[in-house]
Amino acid sequence: MLGIYIHVPFCVKRCGYCAFCSSVASASEISRYSAALIRNIRAAGGRGLCADTVYFGGGTPSLLSGRDFSAILSALRESFDISPGAEITVEANPETVDFSKLAEYKSAGANRISFGVQSGIDKELSALGRVHDFKKAAEAVSAARSAGITNISCDLMLGIPRQTLPSLAESIDSVCSLGMTHLSAYMLKIEEGTAFDCPEVRALAPDDDTVADMYLYAVKALSERGFKQYEISNFSRPGFESRHNLKYWTGEPYLGFGPSAHSFFGGKRFFVPPDIKAFIESPLQETALEDASPDPLEEYILLGLRLSGGISLEKLSSLGGSKERFLKDAEPFVSAGMMKLSGDSAALTTKGFLVSNGVIFALIDSQSEI
Ligand code: SF4
């Protein structure tokens, strides 16, 4: 079934490390943006398409007023067949929500919230340029629960300037004390052109080996607290995996609305150019074709090996791949403890996740030579 992604490209302030499409905006600009979203949703709907996940991502979707959030969801329900048990997620910056806004989101239909907590240490939050402190994050999580949204995810960042293994351990303790159902742990990558892209910040960031140790520590510490890793960066209590994000890795279709949103529909990949002003002013969002016919075998290996469950070798064969060649190529990675083979499945180990790009591209290249 279809997933729907709604991009909200506004933030209270730009974080120093951020390379996403977002800007600081007034309340009236956000309302005009919401109207543009609704216009586009109505134009794309009416075809009897069924969706079972909706994801408001950003940017900071929690800058939407309860009224705008509710209007967007109503437009989605009028235009698409949104299943009664649909997972409806909203990403939130802890500083931008209170009980009454969260109660409005809940009454509009939100049943999952993903907080950008990032760290349990206030000095690290301020180094990242975040507007919240950990106390505020804890209050926001508690307010969400009081509002009836109990499926709660938190983001945690690894590799923050001046972060150490002991400070990460403290962060994991603090964040886990919030009682969430899901956690995403991302390694900070300093992107070209961001405020962090300077020698001073790079000098304060932990080196690659330390970040690798942090990742291995986080996987172990989260597992000991009952969080099962199901993807390179994602961990959940049993049954609380992100149903929407799983669509990206399992090749299910999704439609994206808003500048820089991506879609995978009818076997093609599309994106909306990252121009907020043009999106608000155009009658309909411009959509560019990213790939008219993505290679199903390549995509299956590329996306499937991000998952802890890995890929099925039978399915690889059914997509035109060579199981024998794959097993031969996987052998050195298995010997190095980066991959594991079990029955029909091949998957990366935690150690393999650390070097996933190299391993995955080597395996894809070799299949495409056949
Ligand atoms: S809140 Fe998120 S999207 Fe906004 S600037 Fe910070 S990292 Fe980027």
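Residues numbered from 1 in each chain as written. Predicted model: local features only at pLDDT ≥ 70, side-chain atom pairs only at ≥ 80, totals over all residues.

A. A look at the overall build of the protein. If you tally the helices and strands in the protein, you get 15 helices and 15 strands. For a compact globule of 370 residues, the expected C-alpha radius of gyration is about 21 Å, and the protein comes in at 21 Å, within 12% of that figure. The C-alpha extent of the protein, read off along each of the three principal axes, is 60 × 50 × 40 Å. Residue burial in the protein is summarised as follows: out of 370 residues, 43% are buried. A separation of at least 24 residues holds for 71% of the contacts in the protein among residues at least 6 apart in sequence. (Helix = DSSP H or I, 4+ residues; strand = E, 2+ residues; numbered from the N terminus. Rg over C-alpha atoms; globule rule 2.2 N^0.38 Å. Buried ≥ 20, exposed ≤ 12 C-beta atoms within 10 Å, placed from the backbone. Contact = placed C-beta atoms within 7 Å.)

B. Focus on helix H1 (residues 27–44). With 18 residues, H1 extends 26 Å from end C-alpha to end C-alpha; this agrees with the ideal 26 Å at 1.5 Å per step. When we look at burial in H1, the residues that qualify are Tyr33, Ser34, Ala36, Leu37, Asn40, Ile41 and Ala44. Taken down its axis, H1 places every buried residue within 160 degrees of arc, on the same side. Following H1 by one or two positions, Gly46 adopts a phi angle in the positive range, close to 75 degrees. (Expected span 1.5 Å × (residues − 1). Arc of directions from axis to C-beta.)

C. Region of interest: the site of the ligand. By nearness alone, every residue bordering the ligand is listed as Cys11, Arg14, Cys15, Cys18, Phe20, Ser22, Gly58, Gly59, Thr60, Asn93 and Gly116. For the shell around the ligand, a count of residues per class yields four nonpolar, six polar and one charged. (Near = placed C-beta within 6 Å. Nonpolar A, V, L, I, M, F, W, Y, C, P; charged D, E, K, R; others polar.)

D. Examining the packing of H1 against helix H2 (residues 66–79) more closely. Where H1 contacts H2, the axes come no closer than 9 Å and their chain directions differ by 5 degrees. The angle between the axes of H1 and H2 places the two elements in the roughly parallel class. In this structure, H1 contributes Ile30, Ser31, Ser34, Leu37, Ile38, Ile41, Arg42 and Ala44 to the contact, and H2 contributes Asp68, Ala71, Ile72, Ala75, Leu76 and Ser79. Tallied by class, the residues present in the contact of H1 with H2 amount to nine nonpolar, three polar and two charged. (Axes fitted to C-alpha atoms, helices over the stretch in contact; angles between N-to-C directions. Parallel < 35°, antiparallel > 145°, perpendicular 65-115°, else oblique.)

E. Expanded view of the domain arrangement of the protein. On domain assignment, one finds that the protein holds domain 1 (2–248) and domain 2 (296–368). Across the boundary between the two partners, domain 1 contributes eight residues, which contact seven residues of domain 2. Residue assignment for the side of domain 1 that touches domain 2 shows that the elements contributing at least two residues are helix H8 (208–224) and strand E7 (228–231). With four residues, H8 is the single largest residue contributor to the side of domain 1 that touches domain 2. (Domains from an automatic or database assignment.)

F. Spotlight on the pairing of strand E11 (residues 268–271). Where strand E10 (residues 262–265) lies against E11, four bridges are found, and the strand directions are antiparallel. From the neighbouring strand, Phe265 faces E11, where its bridge partner is Lys268. Between E10 and the antiparallel strand that follows it, E11, lie two residues; Gly266 among them carries a positive phi value of about 60 degrees. When E11 meets strand E12 (residues 288–291), the two strands line up antiparallel, connected through three bridges. For Arg269, the partnering residue across the bridge sits in E12 and is Asp291. (Pairing = 2+ DSSP bridges.)

G. Examining the sheet that holds strand E13 (residues 311–312) more closely. What the three strands build is an open sheet, ordered E13-E15-E14; its pairing is antiparallel. Among the strands making up the open sheet, the edge pair consists of E13 and strand E14 (339–342). Pairing geometry for E14 and strand E15 (residues 345–348), over four bridges, is antiparallel. If you follow Lys340 over to E15, its bridge partner there is Ala347.

H. Structural detail: the environment of Val201. Here Val201 lies in helix H7 (residues 199–204). Discounting residues that sit within four places of it in the chain, Val201 has contacts with Pro161, Ile190 and Phe196.

I. Examining the pairing of strand E6 (residues 182–187) more closely. Looking at chain direction, strand E5 (residues 151–158) and E6 are connected through six bridges and run parallel. Paired with Leu156 across the two strands is Ala185, which belongs to E6. The β-α-β motif built from E5, the intervening helix H6 (residues 165–176) and the parallel element E6 has right-handed crossover chirality. When E6 meets strand E8 (residues 234–236), the two strands line up antiparallel, connected through three bridges. What sits directly across from Leu183, in E8, is Phe235. (Right-handed = clockwise from strand over helix to strand, strands pointing away.)

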